[in-house]
Amino acid sequence: MTPRRVSAPLWLGALLLAACNGASDSSQRGPDGFPAPDRPVASIVSSRWSNEEARDRLNEAEEVMNRAGIHPGMTVADIGAGEGYYTIRLAQRVGESGRVLAEDIVPEVRDALATRVARERLDNVSVRLGDPDDPKLPEDSFDRVFMVHMYHEIESPYEFLWRMRPSLRPGGEVIVVDADRPTQNHGTPPELLRCEFAAVGYRLERMEPMPSAGGYLAIFRAEGERPEPEDIEACPAPDAPTDG
């Protein structure tokens, strides 16, 4: 069969569609100088990763909080909080002397979570709206920042991580839970996660399997000076060839 010739307008349209689906040139940079991710970005399909009863049967939140060292009196951010599975349990763990800030970028989800927090009278929880490229966290405020089953949905991961860094207190840690699969399939390959965090100046403390949470757990700390946006280089997509 002779291949069908594609006209120029259709060819250009296909390129634009690929870009919208998350395929990015690593040389592309946004207006603030941050590189675009050189891999697909998953769409936000639901505020619920799984139902809470099923997750509790696997002891998911307890195991993750134990490994993250969550204890009374801590201040914790829950980024991409959704319906609040971790928010509620973190609030119980940190107690009256601790604080939890729950953030989501979808106004309706934020409002539903705020209603739940008020209904359950969780006075140690605040709920706010973030931006896709900025969690808008107060500086020098958090002992732990949780990012559970949401990292692959961040449109501008380098800018997001860069703007998040100042929110950590000395010794503060970022807790990532995700699945080991391609980003377009709602997961993040571990080596890609390690590379993208390292590009913004985070050191991997440890990474370990987390079957109860459907994947793995990774813990990062910020180290050194925060790089300038134009000095951040995008990590190659997992299957992309590298020079040399």
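It should be noted that the structure appears before, not after, this text.
Residues numbered from 1 in each chain as written. Predicted model: local features only at pLDDT ≥ 70, side-chain atom pairs only at ≥ 80, totals over all residues. Heavy atoms only, no water.

Give me the pairing of strand 4 (residues 142-148): which residues, what numbers.
Across the 7 residues of strand 4, 7 count as buried, placing the element largely inside the fold. In terms of strand pairing, strand 1 (residues 75-79) meets strand 4 through 4 bridges, oriented parallel. Pairing of Ala77 across the sheet is with Val145, part of strand 4. Pairing analysis gives 6 bridges linking strand 4 to strand 5 (residues 168-178), with the strands arranged parallel. Bridge pairing in strand 5 places Val148 opposite Val177. (Buried < 20%, exposed > 50% of the residue type's maximum accessible area, 1.4 Å probe, protein only. Helix = DSSP H or I, 4+ residues; strand = E, 2+ residues; numbered from the N terminus. Pairing = 2+ DSSP bridges.)

Can you break down the packing of helix 3 (residues 60-68) against helix 4 (residues 85-94) residue by residue, with the values?
Across the interface, helix 3 lies against helix 4 with an axial gap of 10 Å and an inter-helix angle of 55 degrees. Taken together, helix 3 and helix 4 sit at an angle that is classed as oblique. Helix-helix and strand crossings are classified by hand; for helix 3 and helix 4 the assignment is right-handed. From helix 3, Glu60, Ala61, Glu62, Val64, Met65 and Asn66 reach across to helix 4, where they touch Tyr85, Tyr86, Arg89, Leu90 and Arg93. Tallied by class, the residues present in the contact of helix 3 with helix 4 amount to 6 nonpolar, 1 polar and 4 charged. (Axes fitted to C-alpha atoms, helices over the stretch in contact; angles between N-to-C directions. Parallel < 35°, antiparallel > 145°, perpendicular 65-115°, else oblique. Left-handed = near helix turned anticlockwise from the far one by under 90°. Contact = heavy atoms within 4.5 Å. Nonpolar A, V, L, I, M, F, W, Y, C, P; charged D, E, K, R; others polar.)

Describe helix 3, with residues and values.
Note: α-helices contain 3.6 residues per turn, so residues at a spacing of three or four share the same orientation. Within the sequence span of helix 3, burial applies to Glu60, Ala61, Val64, Met65 and Ala68. Considered in projection along helix 3, the buried side chains sweep an arc of 115 degrees and stay on one side of the axis. Each element contacted by the buried residues of helix 3 is listed here: helix 2 (52-57), helix 4, strand 4, strand 5, strand 6 (202-210) and strand 7 (215-222). Backbone geometry just after helix 3 places Gly69 at a positive phi near 70 degrees. (Arc of directions from axis to C-beta.)

Tell me what's going on with the pattern of salt bridges, and back it up with residues and numbers.
Counted according to the given criterion, the structure contains 22 salt bridges. A salt bridge links Glu191 to Arg194, with the shortest nitrogen-to-oxygen separation between them at 3.4 Å. Highlighted residues: Glu191 and Arg194, both in helix 7 (residues 190-199), separated by 3 residues, approximately one helical turn. Overall, Glu191 belongs to the exposed group, its relative accessible area being 53%. The shortest N-O distance in the salt bridge between Glu205 and Arg221 comes to 4.0 Å. Pair noted here: Glu205 is in strand 6 and Arg221 is in strand 7, with a separation of 16 residues, a long-range link. Note on Glu205: relative accessible area 33%, which makes it partly exposed. Accessibility expressed as a relative area gives 28% for Arg221, which makes it partly exposed. (Salt bridge = Lys/Arg side-chain N within 4 Å of Asp/Glu carboxyl O.)

Summarise the packing of aromatic side chains; cite the residues concerned and give the values.
Any two aromatic rings considered together are summarised by their centre-to-centre distance and by the angle between their planes. Following the criterion strictly, the structure yields 6 aromatic pairs and no others. Seen from their ring centres, Phe34 and Trp162 are 5.2 Å apart, and the 65 degrees between their planes marks the pair as edge-to-face. Pair noted here: Phe34 is in the loop between helix 1 (8-20) and helix 2 and Trp162 is in helix 6 (residues 157-164), with a separation of 128 residues, a long-range link. A single burial state applies to Phe34 and to Trp162, both of which are buried. An angle of 15 degrees between the planes, with centres 4.0 Å apart, marks the rings of Phe197 and Phe220 as stacked. One end of the pair, Phe197, is in helix 7; the other, Phe220, is in strand 7, and 23 residues separate them in sequence. Grouping residues by exposure puts Phe197 and Phe220 together as buried. An aromatic cluster of at least three residues, connected via ring pairs, comprises Tyr151, Phe197, Tyr202 and Phe220. Seen from the ring of Tyr202, Arg165 lies directly overhead, with NZ or CZ sitting 5.9 Å from the centre. Taking NZ or CZ as reference, Arg226 lies 3.5 Å from the ring centre of Trp162, over its face. (Phe/Tyr/Trp six-rings, centres within 6.5 Å; stacked < 30°, edge-to-face > 60°. Lys NZ or Arg CZ within 6 Å of the ring centre and 35° of its normal.)

Kindly report on the nonpolar core, identifying the contributing residues and their values.
Ranked by size, the top nonpolar core spans 32 residues in total, and within it Val145, Met147, Met164, Val174, Phe197, Tyr202 and Phe220 carry the most contacts. Elements represented by at least two residues in this core include exactly strand 1, strand 4, helix 6, strand 5, helix 7, strand 6 and strand 7. With 5 residues, the single largest contributor to this core is helix 6. Formed by 28 residues, the second largest nonpolar core is a distinct cluster that contains Met65, Ile88, Met210 and Ile219. (Core = buried A, V, L, I, M, F, W, Y, C linked by side-chain atoms within 4.5 Å.)

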